[in-house]
Amino acid sequence: MAAPVAAPEGIRRSGTVSRAFSAITANPVALKELRLRMRGWHSAVLLTGYLCVVGAVGYLGYAGIAASSSDVVQVGGAGSSLFTGLAAAVMATVALVVPGLVAPSVSGEREHGTLELLLATPVRPRGIVLAKLVAALAMVALLVLGCAPLFCIAYMLGGVGVREVLEFAAFLAVGSSCLGAMGMLASVSLRRVAPATVVSYLAMLVLLAGPFVATFAWQDASSPESPVVTATGVQGALEAVSPVMGAQALMASNSACGVGGLVTPLVGSLAPGTFNTCDGPVQYTTDMGPLGTWQTWEATLAFDGVLAIASLGASLLVFTKRAFP
Amino acid sequence: MAGAPPVAVRAQALEKSFGAARALRGATFEVARGEVFGLVGPNGAGKTTLLMVLAGLCRPDAGWAEVAGANVATEAARLHRLVGYMPEHFGIYDSMTASEYLSFYASCYRIPRRKIERAVGDLLAVVGLVPKRDTTVGGLSRGMRQRLCLARSLVHDPEVLLLDEPASGLDPRARAELLELVVALGEMGKTVVLASQILAELAEVCTSFGILHEGSMASYGTAEELLGPGADLEGLFLCLTEAASDQEADEGGSAEDPSGEPRECALQHVGRAQERGDLQEELQDGNRGEQRWRRP
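Quantities reported herein were computed from a predicted structural model and do not represent experimental measurements. (Residues numbered from 1 in each chain as written. Chains lettered and ligands numbered in written order. Predicted model: local features only at pLDDT ≥ 70, side-chain atom pairs only at ≥ 80, totals over all residues. Heavy atoms only, no water.)

1. Section: the overall build of chain A
Within chain A one finds 13 helices and three strands. Among the 325 residues that make up chain A, the fraction classed as buried is 45%. Residue pairs at least 24 apart in sequence account for 82% of intrachain contacts in chain A once pairs closer than 6 positions are excluded. As displayed, chain A offers around 15300 Å² of accessible surface, 71% of which is attributable to carbon and sulfur atoms. (Helix = DSSP H or I, 4+ residues; strand = E, 2+ residues; numbered from the N terminus. Buried < 20%, exposed > 50% of the residue type's maximum accessible area, 1.4 Å probe, protein only. Contact = heavy atoms within 4.5 Å. Areas by Shrake-Rupley, 256 points an atom, 1.4 Å probe, with all protein chains shown as cover.)

So this is what it looks like as structure tokens:
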């Protein structure tokens, strides 16, 4: 009898991905969420407004570049700056959108009296929570993918590689998941949509602004002269838990101008001739003690991942306990 | 016992509290398979809590219950496949069409996709909503929504239906149509537990009744067992609930009027000399909660 032959690694992987995709698409609650979200006028307004904001940033940045320089090398660096500016705009708007998408998901079902009917079906409580979160994050993915043509402009200008794109995508995915999981915890814990939404936005504000503001208390006021800046102690910890600092570090490592990549092209568009290239990328790192020294954005990514898992676990626990009193 | 109809719903000493409020206090009853069981009780009697416990949406603090052979506390997944539940107040997804609404719940019950379309068509025909299949649920009248929700509770062809005030808030015509549906379901062999405060409509539809008062089943049985010739459900209900309240006030004392006279109202409504003695005895023994009267 012939021994079973293991499937090649690529096939196994694609099978796993296929099963995961099937699990999502086979969940009727996730499909229902996606359909109902797209049917309301809210989604059209959200998508249009979001693309207008990011498109305006992209247009002004590109116009600034075009008006200020014809130098090929400079424009190549500007591609990187445009990418950074667009990435910052996308991350900021996604942070504003995610709590609003996730917070009403379970609390809304409860408020409208549809949750009881869902719970009376064989769909398990954890299936409901996961489906709602996946549907909300799928909406975020749609928003991000809607900006793809703008990112293509930056890519074609040069100065942006696949690695930068993947790093940005990973940072955005984990950050969105973290905010989404926190919003889900509020949604399963509170019975009404309005309090759940307020608490979700407060949690987002605390996560984004808290460590960022606190970092200034420990920050060295001088500009970095070295291309590698390592934060230690309390400042290192604060930077590791601050998504804003993590995003800044990610942009600084990829762009000649860091966060200035957003500002510089905009200034250039408003005042042609003032566009300048920057000194070069800066690597922000964080001393993680026994874990060694990490890139700051990697440390933030890890922290956001842990926070997302913890929030999701708490959401599942709370909802499962409350589903059947 | 040979020849006895199989039991579809069986509850024994169910207890449920929400904080300090005791919603169920030892409710015990049985419903035979194929019966349309009318669950009667005043506001706050515990009807909704009892139905939620039977639907597996609420765990009892004490006691046990089985619905279609599934234990409500330990076999929730199986129970949900065997039971159709329609709450009194339910939400809808306004932007779904009627057929999408049923299809969604059918997929929640993991009905194969190839069967869903046919099942949805059949259900819409049963509840008379075929012309509205592509109308958004938000655009349906209240009566139509109630019928659609009834169809939703049937989407997985359950053995037992638990309907909580299904006709509340409907105009007389819509109410009559909905109750006709319930009768038809009973004739199809479904076991239906129907909670309502409108006794007249229950008397028309149900084959057996249970009177729930302050979390206890004051009495239950078939229409013949509970109501003698010339008796009516409303009179029995008023008498039993009043007697039970007085007993509670007296902490188990005899069910007598303040004047000391026995509760003649109950006797009038049962109407037979034999039952006259049984009822009087049961009302006086202080064991309210698990009384069941049967004809000899």
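After presenting the structure, the write-up continues.
2. A short note on helix α5 (residues 142-153) of chain B
Helix length check: α5(B) (12 residues) gives 17 Å between terminal C-alpha atoms against 16 Å at 1.5 Å per residue, within 8%. Judged by how many residues are buried, α5(B) sits mostly within the fold: 10 of 12 residues are covered. Those residues of α5(B) that sit buried are Gly143(B), Met144(B), Gln146(B), Arg147(B), Leu148(B), Cys149(B), Leu150(B), Ala151(B), Arg152(B) and Ser153(B). Tucked inside the fold, the buried residues of α5(B) contact α5 (115-119) of chain A together with β6 (83-86), α3 (98-108), α4 (113-126), β7 (160-164) and α6 (172-187) of chain B. (Expected span 1.5 Å × (residues − 1).)

3. Focus on the sheet that holds strand β2 (residues 21-32) of chain B
Across the sheet, which stays open at both edges, the four strands sit in the order β2-β1-β4-β5 (chain B) with antiparallel pairing between neighbours. The outermost strands of the open sheet, each flanked by one partner alone, are β2 and β5 (70-71) of chain B. (Pairing = 2+ DSSP bridges.)

4. Re the pairing of strand β1 (residues 7-18) of chain B
Residues and elements named next belong to chain B. As paired strands, β1 and β2 are joined by nine bridges and run antiparallel to one another. Opposite Ala-11, over in β2, you have Phe-29 as the bridge partner. What sits between β1 and β2 in their antiparallel hairpin is a turn of two residues, with Gly-19 showing a positive phi close to 65 degrees. Pairing of β1 with strand β4 (residues 62-67) involves five bridges; the strand directions are antiparallel. Directly across from Glu-15, in β4, lies its bridge partner Ala-62.

5. Some remarks on a nonpolar patch on the surface
Residue and element names in this part refer to chain A. A contiguous nonpolar surface patch, about 530 Å² in accessible area, is contributed by Tyr-155, Met-156, Val-162, Val-165 and Leu-166. Among the elements that take part in the nonpolar patch, helix α8 (residues 162-189) stands out by supplying three residues, more than any other. If you trace the backbone, Leu-166 turns up in helix α8. (Patch = residues over 30% accessible without salt bridge, like charges linked within 9 Å, V, L, I, M, F, W, Y side chains within 5 Å. Salt bridge = Lys/Arg side-chain N within 4 Å of Asp/Glu carboxyl O.)

6. Here's the deal with a positive patch on the surface
Side chains of Arg124(A), Arg126(A), Arg81(B) and Arg110(B) sit close together on the surface and give a patch of like positive charge. Position of Arg110(B) relative to the elements: it lies in the loop between α3 and α4. Classification of Arg110(B) by relative accessible area gives exposed; the value is 51%. (Lys, Arg positive; Asp, Glu negative; His and termini not counted. Charge placed at Lys NZ, Arg CZ, Asp CG, Glu CD.)

7. Here's the deal with the interface of chain A and chain B
You'll often see interface size given as the accessible area lost when the parts meet. At the junction of the two partners, chain A supplies 21 residues and chain B supplies 27 residues. Across the contact surface, chain A and chain B share one salt bridge. A salt bridge links Arg39(A) to Glu100(B); its shortest N-O distance comes to 2.6 Å. Taken together, chain A and chain B are joined by nine residue pairs in polar contact (both at pLDDT 80 or more). Breaking the side of chain A that touches chain B down by element, the ones donating at least two residues are α2 (28-39), α4 (72-112) and α5 of chain A. Broken down by element, the side of chain A that touches chain B gets its largest block of residues, five residues, from α2(A). Of the residues in the side of chain A that touches chain B, the class split is 12 nonpolar, five polar and four charged. (Polar contact = N/O pair within 3.5 Å; in protein donor to acceptor, adjacent residues only side chain to side chain. Nonpolar A, V, L, I, M, F, W, Y, C, P; charged D, E, K, R; others polar.)

8. Regarding the sheet that holds strand β3 (residues 36-40) of chain B
Residues and elements named next belong to chain B. Read from one edge of the open sheet, six strands run β6-β7-β8-β3-β9-β10, paired in mixed fashion. Two strands in the sheet have a free side with no partner beyond their single neighbour: β6 and β10 (216-222). For this sheet, the mean angle separating the axes of adjacent strands, direction not counted, is 15 degrees. Sheet topology places β7 next to strand β8 (residues 191-196); five bridges connect them, and they run parallel. If you follow Leu-162 over to β8, its bridge partner there is Val-193. (Axes fitted to C-alpha atoms, helices over the stretch in contact; angles between N-to-C directions.)

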